[in-house]
Amino acid sequence: MTAAPAGQPFRQVALIGVGLIGSSMALAMRRFGLAERVVGCARSAETRAKALELGLCDEMFEDPAAAVSECDLVVLATPVGAYAAVAEAMQRSLAAGAIVTDVGSVKQAAIRDVGPFVPEGVHFVPGHPIAGTEQSGPEAGFAELFEQRYCLLTPPPGTDAEAVERVAWLWRSMGSTVDVLEPGHHDQVLAITSHLPHLIAYTIVHTAMGLEESTKQEAIKYSAGGFRDFTRIAASDPVMWRDVFLNNRESVLEMLQRFSEDLTALQRAIRWGEGEVLEDLFSRTREARRGVIEQHQAGSFDPREPKT
Ligand SMILES: NC(=O)C1=CN([C@@H]2O[C@H](COP(=O)(O)OP(=O)(O)OC[C@H]3O[C@@H](n4cnc5c(N)ncnc54)[C@H](O)[C@@H]3O)[C@@H](O)[C@H]2O)C=CC1
Ligand SMILES: O=C(O)C(=O)Cc1ccc(O)cc1
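Each residue is numbered by its place in its chain's sequence as written, counting from 1. Whichever chain is written first is A, and whichever ligand is written first is 1; the rest continue in order. In view of the model being predicted, local features appear only for residues whose pLDDT reaches at least 70, and side-chain atom pairs are presented and counted only at 80 or more, with totals across whole chains, interfaces and linings using the full set of residues. In computing side-chain values, all of the structure's heavy atoms are included and hydrogens and water are not.

**Q** Explain the site of ligand 2 here, please?
**A** The cutoff for a nearby residue is simple: one of its non-hydrogen atoms must lie within 4 Å of the molecule or strand. What surrounds ligand 2 is a group of 10 residues, the closest being Ser105, His128, Thr133, His198 and Arg232. Definition of a polar contact: a pair of N or O atoms within 3.5 Å, with one able to donate and the other able to accept a hydrogen when the atoms are protein atoms, and with sequence-neighbouring residues admitted only if both atoms are side-chain atoms. Between His128 and ligand 2, the recorded distance is 2.6 Å, taken from a side-chain N or O atom to an oxygen atom. Contact between ligand 2 and Arg232: an oxygen atom at 2.8 Å from a side-chain N or O atom of the residue. Relative to its unbound accessible area of 340 Å², ligand 2 is 85% covered by the protein chains. Ten residue types, Ala, Val, Leu, Ile, Met, Phe, Trp, Tyr, Cys and Pro, are classed as nonpolar, four, Asp, Glu, Lys and Arg, as charged, and the remainder, Gly among them, as polar. Here the shell around ligand 2 is composed, by residue class, of four nonpolar, five polar and one charged. For every accessible area listed, the method is Shrake-Rupley and the probe measures 1.4 Å; residues are considered covered only by the protein chains on display.

What follows is the structure, given as structure tokens:
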């Protein structure tokens, strides 16, 4: 089987994992006519039934090998920790010329875990939509999720250029802007922009939950602005985020080290009443926010808060 050229719908797409991202892709691919047929793979009978009931997929499978056998595109959309087992299970069923891609939040580990199971004549194009919410599961998806968002592709050297272009076409057709990044660089950038913020949110909510009962209750009752935003992020899927931290360990630990040094400096400034240190730092971070907004507007991106 050879994949149809960029610009033509895929004949049959398999979504391995039909959660927030998988279901959003199913809806977007249907809305924009990007696949003639969409099949899915889920371990539980409940998820398989739900995906059919919601009209996400034409057919659902329990076994990844059965799901992928007739497909010209296979999308891994499970937590990253499941990749090696899924890739091993489906390797013998992949059709020659098929493209395997993924949506995982870390890319070096995706290449490490999937790469060895991709047969000769099948193309692996790792990808990561920078779009999501704290929701999970097949009912969480919506077709607009990827609009005005980046999707980063991290093809290892030697990846078939046509396969990369085909996957780029898919994401552009779902409304995203596609950039290509080196996998290690991707993992470093995402460690500071996405992974560390989630770790901080998990920690601050955990710290609040450990306070004595009356303070904790008031924290919940009066949670405004900052803390409320942290609780949204800290409600993100536990298994997905466990796998992000276990699989981007080095970059996250490096960013965490820098963060903790900066936090200690702030702690010191507060202790010694160094108001100018605090004000100077807060002024510079305010500038950084302006920079983010300006750059997003220049790229005609809508700098809205995450879609919930
Ligand atoms: N949630 C988000 O905001 C974003 C998530 N991602 C990435 O997308 C991937 C999927 O995340 P979500 O859709 O948010 O998660 P989700 O939890 O909504 O969906 C994941 C699905 O995979 C299924 N699954 C787990 N192990 C499986 C296996 N061995 N075989 C078949 N299905 C299996 C789960 O049952 C679940 O239905 C992750 O790798 C994540 O890093 C990427 C961008 C944003
Ligand atoms: O909901 C949020 O705030 C997010 O940050 C969504 C998100 C989560 C994980 C990703 O790999 C990409 C985007």
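Next comes the rest of the account.
**Q** Explain the packing of aromatic side chains here, please?
**A** For any two aromatic rings, the description comes down to two numbers: the centre-to-centre distance and the angle of the planes. Note on ring pairs: Phe, Tyr and Trp rings are taken, using the six-membered ring of Trp, and paired if centres are within 6.5 Å. Classes follow the plane angle, with under 30 degrees stacked, over 60 edge-to-face and the rest tilted. Applying the stated criterion to the full structure yields three aromatic pairs. Their ring planes at 55° and their centres at 6.1 Å tell us that Phe10 and Trp169 sit as a pair that is tilted. Taken as a pair, Phe10 in strand 1 (residues 10-16) and Trp169 in helix 6 (residues 161-173) lie far apart in primary sequence, 159 residues in all. Taken as a pair, Phe10 and Trp169 share a single burial class, namely buried. Judged by centre distance (5.9 Å) and plane angle (40°), the ring pair of Trp241 and Phe245 falls under tilted. Taken together, the positions of Trp241 and Phe245, both in helix 10 (residues 238-247) and four residues apart, correspond to about one turn of that helix. Burial classes follow relative accessibility: with a 1.4 Å probe on protein chains only, a residue under 20% of its type's maximum area counts as buried, one over 50% as exposed, and anything between as partly exposed. For Trp241, a relative accessible area of 5% puts it in the buried group. Each helix is a run of H or I in the DSSP string that is no shorter than four residues. Each strand is a run of E no shorter than two, and both are numbered from the N terminus.

**Q** Mind showing me how you'd approach the pairing of strand 4 (residues 73-76) here?
**A** Side-chain direction in a regular strand flips from residue to residue, so the side chains alternate between the two faces of the sheet. Neither face of strand 4 is open: one carries Leu73 and Val75, the other Val74 and Leu76, and all of them are buried. Note on pairing: DSSP must find at least two bridges between two strands before they are called paired. Summarising the sheet, strand 1 and strand 4 pair through four bridges and their orientation is parallel. Counted as the bridge partner of Val13 is Leu73 from strand 4. As paired elements, strand 4 and strand 5 (residues 99-102) share four bridges and run parallel to each other. Across the sheet, residue Leu73 finds its bridge partner in strand 5, namely Ile99. Looking down the strands as they point away from you, a crossover is right-handed if its path from the first strand over the helix to the second goes clockwise. For the segment spanning strand 4, helix 4 (residues 83-90) and strand 5, crossover handedness is right-handed.

**Q** Where do I start with the site of ligand 1 in this structure?
**A** In the vicinity of ligand 1 there are 23 residues, among which Leu20, Ile21, Thr78, Ser105 and Gly137 approach most closely. For ligand 1, an oxygen atom lies 2.8 Å from a polar atom in the backbone of Leu20. At 2.8 Å from an oxygen atom of ligand 1 is found a main-chain nitrogen or oxygen belonging to Gly137. If ligand 1 stood free it would expose 820 Å²; the protein chains cover 87% of that surface. Its residues assigned to classes, the shell around ligand 1 shows 11 nonpolar, 10 polar and two charged.

**Q** Teacher, can you tell me more about the domain arrangement of the chain here?
**A** In many reports, interface size means the accessible area that the parts give up when they come together. The domain boundaries assigned to the chain delineate domain 1 (10-181) and domain 2 (185-294). Every contact between the two is made by 19 residues of domain 1 and, on the other side, 15 residues of domain 2. Summed over both sides, the interface between domain 1 and domain 2 buries roughly 1,300 Å², with carbon and sulfur atoms accounting for 61% of that surface. In short, buried area is how much 1.4 Å probe accessible area vanishes from two parts on joining, totalled over both. The three residues of domain 1 that bury the most area against domain 2 are Ser105, Val106 and Glu134, which together make up 39% of that side's buried surface. In what follows, salt bridge is the name for a side-chain nitrogen of Lys or Arg lying within 4 Å of a carboxyl oxygen of Asp or Glu. Connecting domain 1 to domain 2 are one salt bridge. Glu134 is paired through a salt bridge with Arg232; the nearest N and O atoms lie 2.7 Å apart. Joining domain 1 to domain 2, the criterion identifies eight residue pairs in polar contact (both at pLDDT 80 or more). Broken down by element, the side of domain 1 that touches domain 2 gets its largest block of residues, four residues, from helix 5 (residues 108-114). Its residues placed into classes, the side of domain 1 that touches domain 2 shows eight nonpolar, seven polar and four charged. Marked domain ranges trace back to an automatic or database domain assignment. Pairs of residues are marked as contacts when any of their non-hydrogen atoms sit within 4.5 Å.

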